[in-house]
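Structure at a glance
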Amino acid sequence: QIFSWFNFYCICRTYSNSLEAVLVMVSLNYWIEVFIKKRNTKKYKKDLSDEKIALIFASLSVVVRPTSSILWLVIGINRLFNLPFDQWIYYLARTVFPIFGLILLSSTIIDSLIYGHFVFVPYRFLKFNILEGKSALFGVQPWHWYFLQGFPTVLGIYVPFLMHGILRNKYAQMIFTPILLYIIIHSLSPHKEFRFLLPILSLSHVLVGKSLHSFLSKSSLKGKRVKFMLAVATIHMTLAIYFSMYHQRGPIAIMDSLQNAIRAEKSRSEPFVLFLLPCHYTPLYTHLHPQPMSIIPNVRHLDCSPFSARPNESERLNIDPQNLIEDLSGEQGFQPSLIVTFPLYAQKLEEWLSKNNYSEITRVSNTHFNGDMDADVTHYHIIILEKSMIT
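Treat the numbers as computed from the prediction; the structure is a model and nothing was measured.

The rules behind these values
- Residues numbered from 1 in each chain as written.
- Predicted model: local features only at pLDDT ≥ 70, side-chain atom pairs only at ≥ 80, totals over all residues.
- Heavy atoms only, no water.
- Buried < 20%, exposed > 50% of the residue type's maximum accessible area, 1.4 Å probe, protein only.
- Helix = DSSP H or I, 4+ residues; strand = E, 2+ residues; numbered from the N terminus.
- Pairing = 2+ DSSP bridges.
- Phe/Tyr/Trp six-rings, centres within 6.5 Å; stacked < 30°, edge-to-face > 60°.
- Lys NZ or Arg CZ within 6 Å of the ring centre and 35° of its normal.
- Axes fitted to C-alpha atoms, helices over the stretch in contact; angles between N-to-C directions.
- Parallel < 35°, antiparallel > 145°, perpendicular 65-115°, else oblique.
- Contact = heavy atoms within 4.5 Å.
- Nonpolar A, V, L, I, M, F, W, Y, C, P; charged D, E, K, R; others polar.
- Patch = residues over 30% accessible without salt bridge, like charges linked within 9 Å, V, L, I, M, F, W, Y side chains within 5 Å.
- Areas by Shrake-Rupley, 256 points an atom, 1.4 Å probe, with all protein chains shown as cover.
- Salt bridge = Lys/Arg side-chain N within 4 Å of Asp/Glu carboxyl O.
- Disulfide = S-S within 2.5 Å.

Some words on the pairing of strand E1 (residues 272–276)
Among the 5 residues of E1, 5 are classified as buried, and the element is accordingly described as predominantly covered. Of the two faces of E1, the one lined by Phe-272, Leu-274 and Leu-276 and the one lined by Val-273 and Phe-275 are each fully buried. Two elements, E1 and strand E2 (residues 298–301), share 4 bridges in a ladder whose sense is parallel. Each bridged residue has a counterpart across the sheet, and for Phe-275 the counterpart in E2 is His-301. Here E1 pairs with strand E3 (residues 338–341) via 4 bridges, running parallel. Paired with Leu-274 across the strands is Ile-339, a residue of E3.

Shown next as structure tokens:
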């Protein structure tokens, strides 16, 4: 866990997946005795306090992201089979349903009050992503992506130790079954992302840890254990630092430069910023608080909402940026003083930009390689173009 490069890189982000992963880890911490040691079921009433805490955190993880229910379904079935059959109803009715039901009810009430009408989020989640298949709007990957690329990537150098842990650990089947089912079910969805695998990393690391302990216990490695662990830590920390500080750093770096550009726009009462970038590529007002606060720019970003016309504006930017900019120019009040975009798009719009007196004022490094399967081009830089006041 400590040396996982992907935890360092991703779990600190404000994703619902990050919160889901933390809740899963806390819950599993309380499930340890039930999940691995198979506690004496005759004493289950006495040992139920930590199990209730585990159920609370498990229920919260399902409320945050219903996908974690895949894990708890497998773990729950395992728990039931470790109880006498005549205790199943008692256990479900007195322990599981009250906790899960209360948390789900509370979440539904809160969501409904905020939206102003009845909303059952788990159903909405299932409907949008599975029944309607609209997750594909955010990118499509092949069915085997998690097995051949996603899971091995987030594990990093731990891959061989996971395989060893599966083969040599007597509890491996119990631990790996929810991991495998989680990956299989997620593979059915056309849209796949590395961050979706965060909740199963903690379970995977249990098997990795058992394997490493077995491997480092060999007498032949005596005196080399510290060096070996330092090598593992160095490789993963190098990946963590690179991906956290250098890979695709452009979206954050360009916002700092944009603030400076807005401050410099003293002659304009209301700067207008156009983001000619794929949807959600940069943060917006969270990173756009220029000083003095009286200078709040008018912002126009491309629309790629699930209910927008297809192809949406973000897709049109890749297909025909010239046609898109001409349509945007027809909008009332469309006079951007600053444009944030990639050099490739600026090159394709060179005639329009020259005609409207735009010139590059800032260029920041973005990435060294393309990490997006949905993009055919690597955008090494992000630039800011400014409209000259002289016509």
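Continuing now.
Things to note about the packing of aromatic side chains
The way to describe two aromatic rings as a pair is by their centre distance and the angle between their planes. Inspection of every chain in the model, using the stated rule, returns 20 aromatic pairs. Pairing Phe-81 with Trp-88 gives two aromatic rings, centres 5.5 Å apart and planes at 85°, and the pair type is edge-to-face. Seen in terms of ring centroids, Phe-161 and Phe-228 are 5.9 Å apart; in terms of plane orientation they differ by 80°. Their pairing is edge-to-face. With Phe-161 in helix H8 (residues 159–168) and Phe-228 in helix H11 (residues 225–245), this residue pair connects regions lying 67 residues apart in the sequence. For Phe-161, a relative accessible area of 12% translates into the label buried. Note on Phe-228: relative accessible area 23%, which makes it partly exposed. The structure contains a cluster of three or more aromatic residues connected by ring pairs, namely Trp-5, Phe-6, Tyr-9, Tyr-242, Phe-243, Tyr-246 and Phe-369. The ring centre of Tyr-9 lies 4.3 Å from the NZ or CZ of Arg-13, which sits over that ring. Over the ring of Tyr-91 we find Arg-79; its NZ or CZ atom is 5.4 Å from the centre of that ring.

Re the packing of H8 against helix H10 (residues 198–216)
As a packed pair, H8 and H10 sit with axes 7 Å apart at the nearest point and diverge in direction by 85°. Here H8 lies roughly perpendicular to H10, going by the angle between them. For the pair H8 and H10, the contacting residues are Phe-161, Leu-162, His-164, Gly-165 and Ile-166 in the first and Ser-204, Leu-207, Val-208, Ser-211, Leu-212, Ser-214 and Phe-215 in the second. Classifying every residue of the contact of H8 with H10 by side-chain character gives 7 nonpolar, 5 polar and no charged.

Examining a nonpolar patch on the surface
A cluster of nonpolar side chains, contributed by Trp-143, Phe-147, Leu-148, Leu-180, Ile-184, Ile-185 and Leu-188, occupies part of the molecular surface with about 740 Å² of accessible area. Among the elements of the structure, helix H7 (145–155) and helix H9 (172–187) are those that each provide at least two residues to the nonpolar patch. When residues in the nonpolar patch are grouped by element, the largest group, 3 residues, is from H9. Position of Ile-184 among the secondary structure elements: in helix H9. We classify Ile-184 as partly exposed; its relative accessible area is 38%.

A few points about the environment of Gly-333
Relative to the assigned elements, Gly-333 resides in the loop between helix H14 (321–329) and E3. Of the residues examined, Gly-333 reaches a relative accessible area of 53% and is grouped as exposed. In sequence terms Gly-333 and Leu-104 are 229 residues apart; their C-alpha atoms lie 46 Å from each other.

Comments concerning the state of the cysteines
Under the counting rule described, the total for this entry stands at 1 disulfide. The disulfide partner of Cys-279 is Cys-304, and the S-S distance across this bridge is 2.3 Å. In this pair, Cys-279 sits in the loop between E1 and E2 while Cys-304 sits in the loop between E2 and helix H13 (313–319), placing the two residues 25 residues apart along the sequence. The class of Cys-279 is buried, set by a relative accessible area of 17%. Classification of Cys-304 by relative accessible area gives buried; the value is 15%. No disulfide involves Cys-12; its sulfur sits 7.6 Å from the nearest other cysteine sulfur, which is in Cys-10.

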